[in-house]
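# Breakdown of the fold
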Amino acid sequence: MKAQTLKQAEQLLQDYHLCDSCLGRLFREEIKEGNNSQKGQFVKKQLHSTKKTPPNECWLCQGLIDEIPHFIDIIAETLKEYEFHTFLIGSKIDDDIQEREQALWKHLALENAEPIKMEINREIGKILEPQLGKTVDIPNPDIMAVIDTVYDIVTLQISSLFIYGRYKKLQRGIPQTKWPCQICQGKGCKKCNYTGKLYEITVEELIARNALEFTKGTDESFHGSGREDIDALMLGNGRPFILEIKNPKKRNIDLKDLEKKTNQEIKNKVEITSLRFSNRDEIVRIKAAEFKKTYRVTLEATQTLNKEKLIKVAQTLQGKLIKQLTPTRVAHRRANKIRERIIYNCTIESVEGIIARLTLETESGTYVKEFISGDNDKTQPNLSELIGIPCRVKELDVIEVKGE
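Residues numbered from 1 in each chain as written. Predicted model: local features only at pLDDT ≥ 70, side-chain atom pairs only at ≥ 80, totals over all residues. Heavy atoms only, no water.

## Points about empty space enclosed by the protein
Applying the stated rule across the entire model yields 1 cavity of 30 Å³ or more. Within this model, the largest cavity holds a volume of roughly 40 Å³. In terms of residue class, the lining of the largest cavity is made up of 8 nonpolar, 1 polar and no charged. (1 Å grid on protein atoms, 1.4 Å probe; cavity = no way out; pocket = protein on both sides within 12 Å on 5 of 7 lines; lining within 4 Å. Points joined across faces, edges and corners; volume = space filled by probe spheres on them. Nonpolar A, V, L, I, M, F, W, Y, C, P; charged D, E, K, R; others polar.)

## Thoughts on the layout of surface pockets
Picture a little ball the size of a water molecule; that probe, rolled over the atoms, points out where space is still empty. What the largest pocket holds in volume is close to 980 Å³. Residue lining of the largest pocket: 35 residues in total, with Arg 227, Glu 228, Asp 229, Arg 334 and Tyr 367 positioned closest to the centre. At the level of elements, α9 (280–288), β9 (293–301), β11 (338–352), α11 (368–373) and β14 (391–401) are the ones that each hand at least two residues to the lining of the largest pocket. Partitioned by chemical class, the residues of the lining of the largest pocket number 13 nonpolar, 9 polar and 13 charged. (Helix = DSSP H or I, 4+ residues; strand = E, 2+ residues; numbered from the N terminus.)

## Comments concerning the state of the cysteines
Considering all chains together, one arrives at 0 disulfides under this definition. In this structure Cys 189 is not part of a disulfide, and its nearest cysteine sulfur, from Cys 184, lies 3.7 Å away. According to the relative accessible area criterion, Cys 189 is buried, its value standing at 14%. The thiol sulfur of Cys 346 is not disulfide-bonded, and the nearest other cysteine sulfur, from Cys 391, lies at 11 Å. (Disulfide = S-S within 2.5 Å. Buried < 20%, exposed > 50% of the residue type's maximum accessible area, 1.4 Å probe, protein only.)

## Notes on α9
Every buried residue belonging to α9 is among Glu 282, Ile 283 and Ile 286, and all of these are buried. Buried positions in α9, seen along its axis, are confined to an arc of 110 degrees and lie on one side of it. Exposed residues pointing more than 90 degrees away from the buried face of α9 are listed as Asp 281, Val 284 and Ala 288. For α9, the secondary structure elements touched by its buried residues are β5 (161–169), β6 (219–224), β7 (233–246) and β8 (270–277). Between the side-chain oxygen at the start of α9 and the backbone nitrogen of Asp 281 there is a gap of 3.1 Å, and the oxygen is on Asn 279. (Arc of directions from axis to C-beta. Contact = heavy atoms within 4.5 Å. Polar contact = N/O pair within 3.5 Å; in protein donor to acceptor, adjacent residues only side chain to side chain.)

## Overview of the sheet that holds strand β1 (residues 86–92)
If you trace the 4 strands from one edge of the open sheet to the other, you get β2-β1-β3-β4, paired in mixed fashion. Two strands close off the open sheet at either side, each with one partner strand: β2 (135–136) and β4 (153–158). As paired strands, strand β3 (residues 143–148) and β4 are joined by 6 bridges and run antiparallel to one another. Paired with Ile 147 across the strands is Val 154, a residue of β4. (Pairing = 2+ DSSP bridges.)

## Quick notes on unusual backbone geometry
In this structure, the amide linkage connecting Gln 380 to the following residue, Pro 381, adopts the cis form with an omega of -15 degrees. Mapped onto the elements of the fold, Pro 381 is located in the loop between β13 (379–380) and α12 (383–387). The backbone phi angle of His 48 is positive, close to 55 degrees, even though this residue is not glycine. Mapped onto the elements, His 48 comes out in the loop between α3 (36–46) and α4 (68–79). Judged by relative accessible area, which is 72%, His 48 ranks as exposed. Not every positive phi belongs to a glycine, and Tyr 194 is a case in point at roughly 60 degrees. Examined against the element boundaries, Tyr 194 turns out to sit in the loop between β5 and α7 (203–215).

This is the structure we're talking about:
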């Protein structure tokens, strides 16, 4: 230690009763080896000081350092019912202790002293790592335990669990996600039969029910790669989604069992496949991805359709750019602007009187119903205009989501 630092330490010991840890924290830059208690002992040795201050008589921490084993026991007990791989410790320290610490640093003009909170967090983590068989992870822990050192209360901050999968919707009339009742805004009223929901069941709820049971989570969020209309089926290989489970107690769940049980219970409504664990970054990926979609459309015209003309029009639509002003049916929740989308392929499957069936491969985000009807010329060009007969979509199925 430098002579000036030793002189400062000597004056410090004369003015304050400090335990070894609180003394050692002040000199973490000058002394690299050992924990703070050992650093404090080293300082005293350099000064030939025999002065010993127990933590409970320490002017700064007033015995808080001695309570670390007690805090470890409380945290370990709180964590017993949770499954996790990584963790982090945080702490809330009495304001009086932190004020004394700040005053001492200011008095000594210290810039690099270690806060007592940092020492408590680190020392608890060092002991819990081998005790729990888990790893401290500072940037991205599964669970963070924050100990209130005044009241001996542990607050947990639990990272969400993310499960990727694909879903097929096999029944019409089921929306993808929960819609709160527009009358009561989710509180429950006579209009919604006091459920708070606009629709009785959703794809989200059907998929999440067992996942919440398996993980003992408190809530969930559903992140889909786009969404089909409520009256459309989602077929083929399914639509990518990520289910976010909040505050899970169980993480080591068997996804094959979850998939099997869920599919048994929601048979003929929704089917899930390809379950695997995911992360928050993948939500961004599937939300931003512009997957091509293939649709099977059953349309109804106002008069008998000419098959040859339909086929000829379909051929002109290969790679066609269309412009869609925000459709009337979603104008209340979408920005009013023109969206440009590509029709990659259009194939006529059958024509019977006023009914025709066709497949469409389109760019992500295409409003297929409006491409067929024209939506009062908000979509240009549109099929009704091209064949000269007003048409509407009778049934719509998504049969493939491409891109993965």
